[in-house]
Amino acid sequence: MDDRRARAEAIEGFAANLRELRASVGDPPFREMSGRSGAISHTTLHEATKGNRLPSWETTVEFVRACGGEPGEFRERWEAANRAVRTAGAADPAARPAAAATASATGTGERRAVHLAIEPRTGAAGTTGPAPVPVPPPGGGGVPPARPAVGVRSRRSRPVVGVLAAAAIGVGAVIVFVAVDRGSEPGKQTPTASATGPASAAAGCPVVFPNPPPAPPEHEGDAAVFVRDVTLGDCTHVDAGRTVTKTWQIKNIGTVPWKGYRLRRIDSPQQADQCQTISHVPIRDTPPGGTVDISTEVTTPVKPGLCVARFKMVDAAGRFTFPGNRAINFQLYVDGA
């Protein structure tokens, strides 16, 4: 009975995550979401929110994309729910068929996700900013690190090889980090794993995320490029339980003025073991050719680890301005007392 309850709670918990995501973008009709996806029916999308059974990973990907989210942000949560379903299925003969069916949904999707994480694409028509380039090795090139804030200690970052190896080995690895993607708006290399919760202290930094599918900007002529981290560069060490200020600098290189634009955090709802920020970070109105500093307060969790948070730019109506660009992020090591 306990196994059945655990299975039901895992399925309902994941369904609640999908419902919260849909609610965060205004509860669009399932038929509209199906139209955005072009690959899945409205009934399948609706079923994913009921909590009767765990949706396949492919269904989850299309659901999240139809809500304008990043599927990678839900991978770790889906894996946790899938493990709970499979574990309960092994103990409860009545649940085995459903658990087996759910497990079969991971095949090609997993291989494709790992492939994207390791092999960055080149620039595509309609995207903004330069094509992704390899992340410079620790200590080599790049913008000089900003002076640490109170409670912040800059140390040499660990190489990214460990993270890529974890991605290649499989999606079962659990990574503890707090990072915010710096690539979606501006053209910077971004992390490869999911941004849910802190990663273990042994996790590599910076983390590299896969690129989203190519897509034109929401407004013709709109374009942005990442300039630099003004404060808290990747892999900066920060004490646990502290509040610090993260600032990015972005330039409007298009022909569209930014009025009412914001950075929206995409790894939401935020978990207790993540770095906490506001969900929408305001951007000062910026004319074409202008450069703007964007700041948000970050409260680190009590638990140490690598913390990752990601944001994408939205317009005054809440629409993603650059859906084909990588997300802007921050990545911090949270140190224990």
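For the structure itself, look to the data block above.
Attention here is on the structure that accompanies the text. Predicted, not measured: the structure shown is a model, and the values here were computed from it.

**Looking at the nonpolar core**
And step 1. One finds Leu263 and Phe330 to be the most contacted residues of the largest nonpolar core, which totals 26 residues.
And step 2. At the level of elements, β2 (224–229), β4 (243–252), β7 (291–299), β8 (305–314) and β9 (328–335) are the ones that each hand at least two residues to this core.

**Considerations on the packing of aromatic side chains**
And step 1. Counted by the stated rule, this structure contains 5 aromatic pairs.
And step 2. A ring pair is formed by Trp258 and Tyr261, whose centres lie 5.9 Å apart and whose planes are at 20 degrees; its orientation type is stacked.
And step 3. Note on Phe311 and Phe330: the rings are 6.5 Å apart at their centroids and 40 degrees apart in plane angle, and the pair reads as tilted. Within this pair, whereas Phe311 is found in strand β8, its partner Phe330 is found in strand β9, the two being separated by 19 residues in sequence.
And step 4. An aromatic cluster is built from Trp248, Phe311 and Phe330, whose rings are joined through pairwise contacts.

**Focus: helix α4 (residues 57–66)**
And step 1. The element α4 is largely enclosed, with a buried count of 8 among its 10 residues.
And step 2. If you check which residues of α4 are buried, you get Trp57, Thr59, Thr60, Val61, Glu62, Phe63, Val64 and Ala66.
And step 3. Of the residues one or two after α4, Gly68 is the one with positive phi, at around 75 degrees.

**Describing the state of the cysteines**
Here, the word disulfide means a covalent bond between the sulfur atoms of two cysteines.
And step 1. Applying the stated criterion to the full structure yields 2 disulfides.
And step 2. Bridging Cys205 to Cys235, the disulfide has an S-S length of 2.1 Å. Between Cys205 and Cys235 the sulfur-sulfur dihedral comes to about -100 degrees; the bridge is accordingly left-handed. Taken as a pair, Cys205 in the loop between α8 (161–169) and β2 and Cys235 in the loop between β2 and β3 (236–239) lie far apart in primary sequence, 30 residues in all.
And step 3. Judged by its relative accessible area of 0%, Cys205 falls in the buried class.

What counts, and at which threshold
- Residues numbered from 1 in each chain as written.
- Predicted model: local features only at pLDDT ≥ 70, side-chain atom pairs only at ≥ 80, totals over all residues.
- Heavy atoms only, no water.
- Core = buried A, V, L, I, M, F, W, Y, C linked by side-chain atoms within 4.5 Å.
- Buried < 20%, exposed > 50% of the residue type's maximum accessible area, 1.4 Å probe, protein only.
- Helix = DSSP H or I, 4+ residues; strand = E, 2+ residues; numbered from the N terminus.
- Phe/Tyr/Trp six-rings, centres within 6.5 Å; stacked < 30°, edge-to-face > 60°.
- Disulfide = S-S within 2.5 Å.

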